[in-house]
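Residues per chain are reported as follows:
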Amino acid sequence: MIQSIDYTAIAVPLILALTAGLVLVLDVFLPARPGGGRLLGVVALGGVAAAIAVLVAQAVQGGERRTFCVPPSLGGGSCSFVLDRFTLVFTALVLAAGVVVVLLSMAEPASGRIPVGEWYFLLLATLTGAVLLAASRDLVMLVVSLELVSLPVFALTALRRYDGRASEAALKLFLVSVVSTAIMLFGVSLLYGVTGSVYLDRIAAFYASGQGGPIGVAPGVTTVAILLVLAGFGFKVAAVPFHFWAADVYQGAPIPVAALLSVISKAAGFAGLVLVLTIALANQAAVWAPVVAVIAALTMTAGNVLAMRQRQAVRLLAWSSVAQSGYILAPLAAFAAVPRDAAGASVAYLVFYAAMNLVAFGVVMLVSRVRERGDLDDYQGLAFHSPVAALSLAFSLVCLAGLPPGLAGLFAKVVVFRAIVDGGLGWLAVVMAANTVVGLYYYIAWTARLFTPLSTGASRPRSGPVAVAVGLAVAVTLVFSVAPQVVLSAVG
Amino acid sequence: MNWLLLALLAVPLAGAAALTAPAFAGRAAGRFGIAVSALTFLLAVVVAVVFDYGDAGRMQLETDWSWIPGLDLRFHLGVDGISLPLVVLTALLSLLCFVHLAGRPPDGGRVRALVFTLLVLEVGMIGTFLALDLLLFFVFFEVVLVPMYFVIAIWGGRDRRAAAVKFILYTLLGSAVLLLGLLVIWAQAGTLDMVELTARHGSGIARSVQIVAFLAVGIGLAVKTPMWPLHTWLPDAHTEAPTVGSVLLAGVLLKMGSYGFARIAIPILPEGAAALAPWLGALAVVGIIYGSLACLAQRDLKRMIAYSSVGHMGFVLLGFATLTPVGVNAALFGNIAHGLITGLLFFLAGGIKERYGTADLVRLGGGMLRRLPYIGSLLTFACVASLGLPGLAGFWGEMLALFGAFRPAAGLSRPLFLVFMTVGGVGTVLTAAYFLVMLSRVTHGRSRETVPVGPPLASAEEVRVVLGPGEPVEPVATGTAVAEVEGSHPPAGRLADVTSRELVAWVPLVALTILFGVWPKALLDLTGPAVQAILGLGGGAG
C-alpha cells in the first residue's frame, strides 16, 4: 500500500531536518578554522528562517492540510499529521523561539568547549520534534515526536565538556525524562487498549459514542490511563509533583539550553497535553479537569514559593517558569464549562510567556558573558552601565509579574482569569490571584536591583547575536503589549 | 472635541518618552517636567471650560475605540461631573509637585529619572479617572503601581525599601481581587462598558452574584482608599515617600479607590451595595475613630498626617455607605477637599522636614510661629482646614457625610446609621483634638535656637534616658529639655522661611480650600446630577 504524502504540509519539519543533516555534514567537511562555528550558526539560522518563510506562506494560504491519513479502504478520515490553526500557532512559537535560541547559541559555543556541529544539529533536531509534535494527531506520533524533542536536549545539556554541573544536570534530566516517557507510554498503551485506536479523533469518537466500556473494566482503566498520561506530560512541563528537576537542570545546562527547555520543550509538552486532553479525551473532562485544577494550583504555588528564596538568576527563572506552567495549566481545568476559551487561554498564555521569558534569558545570557556566577547581586546597577539591557530585563520581569507597563503579561493573566471565572472555578482564581502577588515579590526585587546604584564600575557586556536575540524578543513582547489581539485572534 | 481627553494622556506620556532622549540632564529635566505638566494642566482646564455644566450627569467628550476585541476591551474615555474635578485636581497636584521639585532637587539625585517616573504616574492617574471600560480602568489602576514603587524605593527615607515592597504587594493583592470582581461582572453582564452597565443598574446580575462581586471589587478598592483594616501599607508608604510621592499618594492615589466606589461598585452593583453598605459604613466609622486615635499617638509629623488620611477617607466611605445623593455627594466633595488639604499638609511637612532635618514632633520643638511665621501660619491653616472648620473645604465633606448617615437610603437600617453618625461625630472631635495638640506642640511654645542632629528619639523611654529620671515628659518641656541636653551640638543657622517657589506650589491649594469652603455649591452642582445618574434616581441620566 502506497501512501501519498502532501509534501507542502510537512515542509516545515522537513526543512528543519534537512538543515540539521546539512549542518552535520558541513561540520565534517569544512576545514577547521576560527569562525567556522559562526558559519554553522548562520546555516542553522537560515534553515529556521526558511522554515518560517514556508510557515508564513502556509498561514497566508489558510485552510487545513492533512497527510499520513488512513486510506479510504480502511475506513478513512483519521490523519496523523494535520496542519490547522493550532499547529500553525505552535509552529510559529517554536520557530520564533528557535531563532532566539540559535542566536543565543552563536555566543555560547564561541567559548570553545562545545563541539559546534553537534550543537546545532541537536538544536535543529529538537525544533523538528517540537514542530512535528504540534501537528501530530495520533498517540504514536505524539510520543515519538516528544522523544525527538527530549533526547537531543540531554545531549545538549551535557555537551559542555569537563563541566561536572552540566553532566549532573544531563543525567538528572535523562532519568526524569525516561521515567516520564515510560509512564506516559503505559498510559498511552492503556488508552489504545481500551479504545482500539491511536488516532485522537477516533479515541474521541469512541468516548463520545457512549461506549463506556465494551470491556467491563473500561471506566477504571480509562481513569488510570488519563492519570498516567497526565503524569507523563507533567514531567515535561515541570508541573508539581514532577517539578523538582527544574532548577538543577536549568542551572547546570548552558543558558541557551535552559531557554530552550523553558520555552520550546515546555511548549511541546503543553501542545501534547492540550491535544490529548482537548481532542482525544474531551468527553472525559469530568475525570481530568479536577486533577488539572489541583495540579495547576499546586504548581503555581510551589514555583512561586521556591522562586522567592533563590539567589541565582537562572534558578529563579527556573522556578518562575514552573509557576508560569501553573498559570498555563489553570484554564484547562475550566475546559468542561468553556471548552473553546479554555484551550485558547492556555495557548495564548503560553505564547505570551514564551516571548517575555526569552527576553529574560537573553539578558541573563548577555550578563553571564561578563560575570560567570550569575548571582542576582551581579545585576545590581545594571541600569547604569548597560541601560538598554537593564530596561529590557526590567520590562520582561514586569511582564512576567503581569503589571503595566508589561501589558503583555497583564493581558495574558486577564485571559486566564477570564477562562477560570467563566468556568466557575472561583477557588482557583483566588489561588492564582494570591500567587500573582507572591510572584511580584521576587520579580520586583530583581527589577529593583537593576536600578540600585553600584559603586564599583563594571564592564559592559557585549555580544552581537545576543543583542539581536534580545532585540527580537523585546520587539515581539512590545507588539504583544500594544496589540495582544494578534495572539488572541490567532488562538481564538 | 474628543481629542482633548486623548491629549490629556498623550502629553505626559510623550513627555516621558522624550525624556529618554540623551539631551536631558541635570536641571533641564526639572523644567521640562514643569512645562509638560503645565501643558497637561492647561488641557485639563480646557476640558473644564468646554464641559457642558448644564448636563453634568452625562458622559462628555467621549472617545470610544476598539482596542482588544478578544477581551472586549475598548479604549473608552469620557468625563462627567464625578471625574472632572478629580482630573483637574490630578493635573494641578502633578504640576505643583513639579514646581516643588524644581525648587528642591530630590535627595536621591537623578532628577531626570524622577521626572520620568512622575509623568508616567500622571498618565496612570488621569487615565484611571477617564476610563469608561472596566478593564481599561484596571489597566490604568495598575499603571501607577510600578512608578510609585520606584518613587518610594529610590527617593524615599531610611526604611524606603521595606515600605515600597509593602506598598506594591499590598496594593497588588487588592488589584488582583479587584480584577476577579470585574471579571465576575463581565461574566454575568457580558459587557465591560461602564456607561452601559451604569444604565442597567444591576439588572441582569443576580443578587447573590452582585454581593460576591461587590465584595471583591470593594476589597480591591478599599485597599487603595484605604479602609480600616486594610490600611496598614499607608503609614509606612506615606512616611518613607519623598514629599512629591506623599502628596500624590494622599492627593490622588487614594482617590482612585474611592472613585472606583462611585464609578463601579455602587452604580453597577446596586443590590450588592445595598447588602454590604452597613458593613462598609461600620468599617468606615471604625477607620475614623482608629485613624484619630492613632494620630494622637504619633510622634512623626508625616506619619500623623498619613493616619489622618485613614480617618478622612473613613468619612468618604461613610458617605458612600449611605447610598443617598447627599452622602455620595459628600463623599465626592470630601475626596477633593482631602486631596487639596492633605496635599498641602504633606508639602508643608516636607518643607518642615527639609528645614529642621526631622519630622519628629519632639525634635521639632515649639515656637514655629515665631521662628518661621509663614510656614507656621500655613501649617495652622492646613490643620484647621483638615479638622473641618466651617468655611473651609474640609468641613462640607464631613458634615454632609454625617448628614447623609442621618437619613440613609431606604432599605438601610436607620438606627444603625444613626449610631454611625454619632460615632463619626465623636471622630470629628478627636480629629480636632489631635490637630490642635500637634499645633500646640509645634507652632506655639518657646522656640528652640538649635536643631539637634542625630536619629529621632523613638519613644518616651529614650527621651527619659536623655533627660534623666524625674523630668516630666511633657511635649513642650521635652523639646526644650532635649535642646538643653544636646546643647553641645553646633547651633544651626537661621532657618529660611517660605521661599517664592514654595509659595507658588502652595498658594493654589490654599486658595481652592477657601474657595470650596465658602462656595461648596461650585463643586456640589457639578457632582449632583452625576450622582443622581449613578444612583439611578432619574434626572441627569438623559
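Counting restarts for each chain: residues are numbered from 1 in the order of the written sequence. Here every chain gets a letter starting at A, and every ligand a number starting at 1, in the order they are written. Note on the predicted model: pLDDT of at least 70 is required for a residue's local features to be given, and 80 or more for side-chain atom pairs to be given and counted; whole-chain, interface and lining totals, by contrast, use all residues.

The name given to chain B in an unreviewed UniProt entry is NADH-quinone oxidoreductase subunit M, with the source organism recorded as Planotetraspora kaengkrachanensis. UniProt positions are given in the numbering used here, feature names are shortened, and annotations may be inferred rather than shown by experiment. What the UniProt record of chain B gives under Sequence similarities (unreviewed entry) is the line "Belongs to the complex I subunit 4 family."

Going by what an unreviewed UniProt entry lists, chain A is known as NADH-quinone oxidoreductase subunit N and is assigned to Planotetraspora kaengkrachanensis. The record held by UniProt for chain A lists under Sequence similarities (unreviewed entry) the comment "Belongs to the complex I subunit 2 family." The UniProt entry for chain A carries this comment under Subunit (unreviewed entry): "NDH-1 is composed of 14 different subunits. Subunits NuoA, H, J, K, L, M, N constitute the membrane sector of the complex."

1. Side note on the overall build of chain B
In this text, helices come from DSSP runs of H or I with a minimum length of four residues, and strands from runs of E with a minimum of two, each type numbered from the N-terminal end. Counting secondary structure elements, chain B contains 23 helices and 2 strands. Residues counted as buried form 61% of the 542 residues belonging to chain B. If you take every contact in chain B between residues at least 6 apart in sequence, the share linking residues at least 24 apart comes to 79%. Whether a residue is buried, exposed or partly exposed is read from the other C-beta atoms within 10 Å of its own C-beta, which are placed from the backbone; 20 or more gives buried, 12 or fewer gives exposed, and intermediate counts give partly exposed. Once C-beta atoms have been placed from the backbone, residue pairs whose C-beta atoms lie within 7 Å are recorded as contacts.

2. Regarding the overall build of chain A
Along the backbone of chain A there are 19 helices and 2 strands. We compute the radius of gyration over the C-alpha atoms and compare it with the globule rule, which gives 2.2 Å times the number of residues raised to the power 0.38. Taking 492 residues into account, the globule formula puts the C-alpha radius of gyration at 23 Å, and chain A, at 22 Å, falls close to it. With respect to the three principal axes, the spread of C-alpha positions in chain A is 75 × 55 × 45 Å. Split into buried and exposed, the 492 residues of chain A put 60% on the buried side. A sequence separation of at least 24 residues applies to 79% of the contacts in chain A between residues at least 6 apart.

3. Quick word on the environment of Val257 of chain A
Residues and elements named next belong to chain A. Inspection of the secondary structure assignment puts Val257 in helix α10 (residues 255-280). For the pair Val257 and Ile444, spaced 187 residues apart in the sequence, the C-alpha separation amounts to 25 Å. Discounting chain neighbours no more than four positions away, the residues touching Val257 are Val153, Leu156 and Thr157.

4. Some words on helix α5 (residues 134-143) of chain B
Since the α-helix turns once every 3.6 residues, residues separated by three or four places project in the same direction. Of all 10 residues in α5 of chain B, 10 are buried; the element is thus mostly enclosed. Restricting attention to buried positions, one finds in α5 of chain B the residues Leu134, Leu135, Leu136, Phe137, Phe138, Val139, Phe140, Phe141, Glu142 and Val143 of chain B.

5. Considerations on the UniProt feature "domain: NADH:quinone oxidoreductase/Mrp antiporter transmembrane" (unreviewed entry) in chain B
Listed under "domain: NADH:quinone oxidoreductase/Mrp antiporter transmembrane" (unreviewed entry) in the UniProt record, and renumbered for this structure, are residues 131-408 of chain B. Helix makes up 82% of residues 131-408 of chain B and strand 0%, and the two end C-alpha atoms of the span are 29 Å apart.

6. Focus: the packing of helix α17 (residues 426-450) of chain A against helix α7 (residues 160-189) of chain B
Each axis is a line fitted through C-alpha atoms, and for a helix only the stretch in contact is used; angles between axes span 0 to 180 degrees, taken between their N-to-C directions. Closest axis-to-axis distance for the α17 of chain A/α7 of chain B pair is 9 Å, and the angle between their directions is 150°. Between α17 of chain A and α7 of chain B, the interaxial angle falls into the category roughly antiparallel. Here α17 of chain A and α7 of chain B pass one another in a crossing that is right-handed. Contact with α17 of chain A, carried on its side by Ala429, Ala433, Thr436, Val437, Leu440, Tyr441 and Ile444 of chain A, involves Ile168, Leu169, Leu172, Leu173, Ala176, Val177 and Leu180 of chain B of α7 of chain B and no other residues of that element. By residue class, the composition of the contact of α17 of chain A with α7 of chain B is 13 nonpolar, 1 polar and no charged. The scheme is simple: roughly parallel for angles under 35 degrees, roughly antiparallel for over 145, roughly perpendicular for 65 to 115, oblique for anything else. By convention the crossing between two helices is left-handed if the near helix lies anticlockwise of the far one by an angle smaller than a right angle, and right-handed if it lies clockwise. Each residue gets one of three labels, nonpolar for Ala, Val, Leu, Ile, Met, Phe, Trp, Tyr, Cys and Pro, charged for Asp, Glu, Lys and Arg, and polar for the others, Gly among them.

7. Focus: unusual backbone geometry
Looking along the chain, the bond that leaves Val240 of chain A and enters Pro241 of chain A is cis, with omega of 0°. Note on placement: Pro241 of chain A falls in the loop between α8 (218-236) and α9 (245-252). In this chain, Thr225 of chain B is followed by Pro226 of chain B through a cis amide linkage whose omega measures -10°. Tracing the backbone through its elements, the reader meets Pro226 of chain B in the loop between α9 (207-224) and α10 (233-240). Here Phe68 of chain A, not a glycine, exhibits a phi torsion of approximately 55°, which is positive. As for its placement among the helices and strands, Phe68 of chain A is situated in strand β1 (residues 65-69). Phe68 of chain A sits in the buried class, given 20 other C-beta atoms within 10 Å. A positive phi angle, near 65°, is found at Asp72 of chain B, a position not held by glycine. Structurally, Asp72 of chain B is set in the loop between β1 (60-68) and β2 (73-79).

8. Description of helix α15 (residues 387-401) of chain A
Residues and elements named next belong to chain A. Each residue after the first adds 1.5 Å to the expected span of a helix. For α15, spanning 15 residues, the distance from its first C-alpha to its last is 21 Å, which sits close to the expected 21 Å at 1.5 Å a residue. Burial analysis of α15 places 12 of its 15 residues in the buried class, which makes it a mostly covered element. Along α15, the residues classified as buried are Ala389, Ala390, Ser392, Leu393, Ala394, Phe395, Ser396, Leu397, Val398, Cys399, Leu400 and Ala401. Of the residues trailing α15, Gly402 is marked for its positive phi of about 85°.

9. Structural notes on the interface of chain A and chain B
Opposite the 25 residues of chain A that make contact, chain B presents 24 residues. Within the residue set of the side of chain A that touches chain B, elements represented by two or more residues are α16 (407-422), α17 and α19 (485-491) of chain A. Tallied by class, residues from the side of chain A that touches chain B come to 19 nonpolar, 4 polar and 2 charged.

10. Considerations on the packing of helix α17 (residues 373-386) of chain B against helix α19 (residues 414-442) of chain B
Residues and elements named next belong to chain B. Close contact between α17 and α19 brings their axes to 9 Å; oriented N to C, the two are set at 170°. In terms of axis orientation, α17 runs roughly antiparallel to α19. By crossing handedness, the relation of α17 to α19 is classed as left-handed. Residues Thr380, Cys383 and Ser386 of α17 touch α19, and the partners they reach there are Phe435, Met438 and Leu439. Across the contact of α17 with α19, the residue classes tally to 4 nonpolar, 2 polar and no charged.

11. Considerations on the confidence of the model for chain A
The score called pLDDT rates the predictor's confidence residue by residue, from a low of 0 to a high of 100. Looking at chain A as a whole, its pLDDT mean stands at 87, while 94% of the residues score no less than 70. Looking at the elements of chain A, mean pLDDT is at its lowest for helix α14 (residues 382-385) of chain A, recorded as 83, and at its highest for helix α12 (residues 313-329) of chain A, recorded as 93.

12. Overview of the confidence of the model for chain B
All names here are of chain B. With 89% of its residues at a pLDDT of at least 70, chain B reaches an overall mean of 85. Ranking the elements of chain B by mean pLDDT puts helix α21 (residues 475-485) last with 49 and helix α12 (residues 270-296) first with 93. Within the model, the stretch residues 468-477 combines pLDDT values under 50 with 12 contacts to residues more than four positions away or in other chains. Under a pLDDT of 50 for its full length, residues 484-491 has, in the predicted model, 9 contacts with residues more than four places off or in other chains. Note on the complex model: pTM 0.88, ipTM 0.86.

13. Some words on the pairing of strand β2 (residues 79-83) of chain A
Residue and element names in this part refer to chain A. Burial runs high along β2: 5 of the 5 residues are buried. What makes two strands pair is DSSP finding at least two bridges between them. As paired strands, β1 and β2 are joined by 4 bridges and run antiparallel to one another. Across the sheet, residue Cys69 finds its bridge partner in β2, namely Cys79.

14. As for the environment of Arg370 of chain B
Tracing the sequence through the fold places Arg370 of chain B in helix α16 (residues 368-371). In this structure, the C-alpha to C-alpha distance between Arg370 of chain B and Leu192 of chain B, residues 178 residues apart in sequence, is 57 Å.

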